[in-house]
Each structure stands twice: as C-alpha cells, then as structure tokens.
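So you can see what is in the structure, the chains are spelled out below.
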Amino acid sequence: MPTKPVFLTQFLIEEMREHGEQMPDLRLLIEVVTRACKRISIAIGKGALGGVLGEAGTGNIQGEAQKKLDVLSNDILMEANEWGGHLAALASEEMDEAVMIPEQFPKGGYLLLFDPLDGSSNIDVNISVGTIFSVLRAPRRPTGPLEESFLQAGTQQVCAGYALYGPSTQLVLTIGTGVHVFTLDRELGSFVLTQRDLRIPADTQEFSINASNARHWEAPVKRYIDECLAGKDGPRGKDFNMRWVASMVSDVHRILTRGGVFMYPLDAKTKAQGGKLRLMYEANPMSMLIEQAGGAASTGRERILAIKPGKLHQRVPVIMGSKNEVERVASYHAGG
Ligand code: P6P
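Residues numbered from 1 in each chain as written. Predicted model: local features only at pLDDT ≥ 70, side-chain atom pairs only at ≥ 80, totals over all residues. Heavy atoms only, no water.

Per an unreviewed UniProt entry, the protein goes by the name Fructose-1,6-bisphosphatase class 1 and belongs to Panacagrimonas perspica. Quoted straight from UniProt, the Subcellular location (unreviewed entry) entry for the protein says "Cytoplasm". UniProt's Pathway (unreviewed entry) comment on the protein is quoted here verbatim: "Carbohydrate biosynthesis." (UniProt positions renumbered as here; feature names shortened; annotations may be inferred.)

Structure (structure tokens):
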C-alpha cells in the first residue's frame, strides 16, 4: 500500500505543533516563497523556448552582468511576497538596497533575504541552479537605516532553505528542527516530503573547490587539498574525489545528501573584498542547513553563523560540510 504523501503545508503545521509553536506567519512566508520557486522552476524548465535565456543587459551591485532569469526570478519573489502581511522588508543579491513592503500592504514580523538565482552563469549551458532564502525576525520598530535591521548574525535565522532546479525540483528547508527535503510533484504542483532529517557524515572522501584558483590559496587550504590529492599513500590514507558545479546550491545539496566539504576560501584574488560568496543570503542560510544536518560551517577562522554583519552585501570565505573535514581545515589555519 503506497504511503500517503505529506505535502509542505501539512508538514509545517505538524512540525510546528510538535515543537510547541504554531507560527502561522512563518508558515505563510514559506508557502509564498516556495510557490514563487515553483514559478521560477517553470520558467527555467522552458529554457530556450521561454525566451528567458541570455543576458538582461543590466548589472547588479555585485558588479555582475545579470541574466534575464536573474531579473525574472527576483521579480517573481518580490511580487509574491508584497501582499501577504507576513514581511516587514526584503533584501536580494540582485537589489542594491533592502526594500520595505509597499505602503499599501500590511507589514509583518519577518525579514526575507534571498539569492533569487544562484549559479546563474550555468543557465545558458543547462546546468542546475537554485534559489537560496533566509528568514530573520524584524526588529520591533526598525530605527535608523532599514539595512541595519538585516544586520543580524546567522544564529538569529528562524528559517533557511533553497530550491534546487535540477533533473527534479527540490526544496530543502529547516525551521530549526532538522533539515527536510521536498520534491516538486509537477502534476499536482505541490512539494511532497521525500526525506526527513538529512544528516551529513562527519568524514568524507569528496571535496569541492574551484581548483583553478590554487595559485592564490593560503597555505592551510593548499595543505588540506594537497593531502586530499596525495590519496591513500599520503597522510590521509584514503583516496579523494573532487566535484565543482560552480553552483553553490548544487554543490551544497550533494554535500547534504552524501557528505563532502565545499570550499570557497579567502585567497589572494578575493582577499580585498573579504571573499567571494555573500554572507547574508548565501553563506548564512547554507550554514544553518549544514549545522542543522550535523555538519560545520566556517570561514576557516571562525564559525560563519556567529559573524556580526557589517554590510548587507558583505562577502565571506566559506568552508562547510562534513564536520571532521571543516575542523581539520580550521586546525591548519590555527597552525595545527
Ligand atoms: P566560480 C555562483 O556565481 C557562485 O556565487 C556560487 O553559486 C558558486 O559556488 C560560485 O559562485 C562559483 O564561483 O569562481 O567557480 O565561478
């Protein structure tokens, strides 16, 4: 007898009830964001037939040329979230500044941050991309610049997740009670629970880094990678595999699913800007998911979730995944 499917709404109601706190506005926020992700999945799935590939002819604050789908995904998420009354404000990788919910709509108690289409350089070559999102509580009465309301450490997140637009579209989500995976049933148009409580193995034999940057790496990172490359005859005593999709959502999803370590470390090329990946809407949500699944997430020198942000689009070095591997890299940074 096939088991009865558990859809996202039922999961959220039961998970919040089990953990003693119904948060209807948070549930509404998650449902609205995931509905937007379904729309993004449909647009991506059309590919060249949808007229949405290629450059938008515009740039963003990151200094990156925007793809048409970057802009479309951002617009979809903005429109979906403005009327519900669950948010006070939103911030996006694709927008220079955070924005308040428009005057004509009610305000809620949450802040939403997102990278609407992570890894979008892969879009035109038909490789998986994703949407990353993070939820914070809005300060009671935001005083001063709106941006300051967002500058909370990653430990303050109440929810983090991503949608992965791959062979199937999956939603990976945490509200602080473990990491759970939903797969989009395209006929029903609903996310169905397909895995509860993902756990990352503490050890691994797979690392993920852009090896073309090797000449720029700091010594501790070079030592770690060289030891992996030395294989079973080297100090690690085992062979390692390497994967690099150049889409953080895809690489981190593989690591959440089968272990591994993802590295975009500080190096001579990224030192001036503090790293490549963004803290508020890439590193923090991914770090919450990784820690909730029993892994670790560090800059190499400190726990990512403990960082007190100084700027909305701040960048950080990222080393995350299997706990023992992340701790090994951190020990090399500490001179171990
Ligand atoms: P590189 C995509 O642009 C991204 O922000 C992450 O998704 C990805 O892990 C990384 O940058 C890829 O960087 O230098 O390999 O292109």
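Don't stop here, the text continues.
With that settled, consider the sheet that holds strand 9 (residues 180-185). Whether parallel or antiparallel, the strands of a sheet pair through hydrogen bonds between backbone atoms. Taken together, the eight strands give an open sheet; going across it, the order is 4-3-5-6-7-8-9-10, and neighbouring strands pair in mixed fashion. The open sheet is flanked by strand 4 (99-100) and strand 10 (190-195), the only strands paired with a single partner. Pairing of strand 8 (residues 169-174) with strand 9, which is carried by four bridges, proceeds in the antiparallel orientation. Residue pairing for strand 9: Leu173 is matched across the bridge by His180. Here helix 2 (residues 24-46) sits on the sheet in contact with strand 3 (87-92), strand 5 (110-118), strand 6 (129-137), strand 7 (159-165), strand 8, strand 9 and strand 10, set at roughly 15° to strand 5. Sheet contacts for helix 3 (residues 68-81): strand 3, strand 4, strand 5 and strand 6; angle to strand 5, the most-contacted strand, approximately 155°. (Pairing = 2+ DSSP bridges. Helix = DSSP H or I, 4+ residues; strand = E, 2+ residues; numbered from the N terminus. Contact = heavy atoms within 4.5 Å. Axes fitted to C-alpha atoms, helices over the stretch in contact; angles between N-to-C directions.)

It is worth spelling out the side chain of Thr183 at this point. Within the secondary structure, Thr183 is located in strand 9. Thr183 has contacts with Ser168, Thr169, Gln170, Ser190, Phe191, Val192 and Thr194, leaving out every residue within four places of it along the chain.

With respect to spatial proximity, 13 residues lie near the ligand, and among them Asp118, Asn210, Trp244, Met248 and Tyr264 are the closest. With respect to the ligand, the side chain of Asn210 contributes an N or O atom lying 2.9 Å from an oxygen atom. Surface burial for the ligand is 83%, taken as the share of its 400 Å² of free accessible area covered by protein chains. Elements with a minimum of two residues in the shell around the ligand: strand 13 (261-264) and strand 14 (277-278). (Near = heavy atom within 4 Å. Polar contact = N/O pair within 3.5 Å; in protein donor to acceptor, adjacent residues only side chain to side chain. Areas by Shrake-Rupley, 256 points an atom, 1.4 Å probe, with all protein chains shown as cover.)

In the numbering used here, UniProt assigns the feature "binding site: Mg(2+) 2" (unreviewed entry) to Asp115, Asp118 and Glu282. These annotated residues cover 168 residues of sequence, and their C-alpha atoms lie no more than 8.5 Å from one another, placing them together at a single site. The class of Asp118 is buried, set by a relative accessible area of 5%. Once residues within four sequence positions are removed from consideration, Asp118 is found in contact with Val129, Gly130, Ile132, Ser247, Met248, Val249 and Glu282. Structurally, the position occupied by Glu282 is in helix 7 (residues 279-292). (Buried < 20%, exposed > 50% of the residue type's maximum accessible area, 1.4 Å probe, protein only.)

This part takes up the environment of Arg315. For Arg315, the location among the structural elements is in strand 16 (residues 315-316). Note on Arg315: relative accessible area 14%, which makes it buried. Along the primary structure Arg315 and Gly295 are separated by 20 residues, whereas in three dimensions their C-alpha atoms are 21 Å apart. Excluding its chain neighbours within four sequence positions, the residues that come into contact with Arg315 are Gln62, Gln273, Gly274, Gly275, Lys276, Leu277, Arg278 and Leu279. Within the structure, Arg315 has its side chain in polar contact with the backbone oxygen of Lys276 (distance 2.6 Å).

Before going further, it helps to spend a moment on the environment of Arg258. As for its position among the elements, Arg258 is in helix 6 (residues 248-258). Residue class for Arg258 comes out partly exposed when judged on its relative accessible area of 45%. As for Arg258 and Arg303, which are separated by 45 residues in sequence, their C-alpha atoms are 22 Å apart. Every residue in contact with Arg258, bar those within four places of it in the chain, is listed here: Pro201, Glu206 and Arg243. Within the structure, Arg258 has its side chain in polar contact with the side chain of Glu206 (distance 2.8 Å).

What follows concerns unusual backbone geometry. For Asn126, which is not a glycine, the phi torsion comes out positive at approximately 60°. Checked against the element boundaries, Asn126 lands in the loop between strand 5 and strand 6. Using a relative accessible area of 73% as the deciding quantity, one classes Asn126 as exposed. Unlike most non-glycine residues, Asp197 shows phi in positive territory, near 55°. Checked against the element boundaries, Asp197 lands in the loop between strand 10 and strand 11 (206-208).

This part takes up the packing of aromatic side chains. All chains considered together, the criterion is met by three aromatic pairs. Ring centres 5.2 Å apart and planes at 75° place the aromatic pair Phe11 and Phe182 in the edge-to-face group. Placement of the pair is Phe11 in helix 1 (residues 8-18) and Phe182 in strand 9, with a sequence separation of 171 residues. Given the relative accessible area of 0%, Phe182 is considered buried. Centre to centre, the rings of Trp244 and Phe262 are 5.4 Å apart; their planes meet at 20°, and the pair counts as stacked. Highlighted residues: Trp244 in the loop between strand 12 (241-242) and helix 6 and Phe262 in strand 13, separated in sequence by 18 residues. Exposure remark for Trp244: the relative accessible area of 25% places this residue in the partly exposed category. Through a chain of ring-to-ring contacts, three or more aromatic side chains come together here, namely Trp244, Phe262 and Tyr264. In this arrangement the basic side chain of Arg223 is found over the ring face of Tyr332, its NZ or CZ atom lying 3.7 Å from the centre. (Phe/Tyr/Trp six-rings, centres within 6.5 Å; stacked < 30°, edge-to-face > 60°. Lys NZ or Arg CZ within 6 Å of the ring centre and 35° of its normal.)

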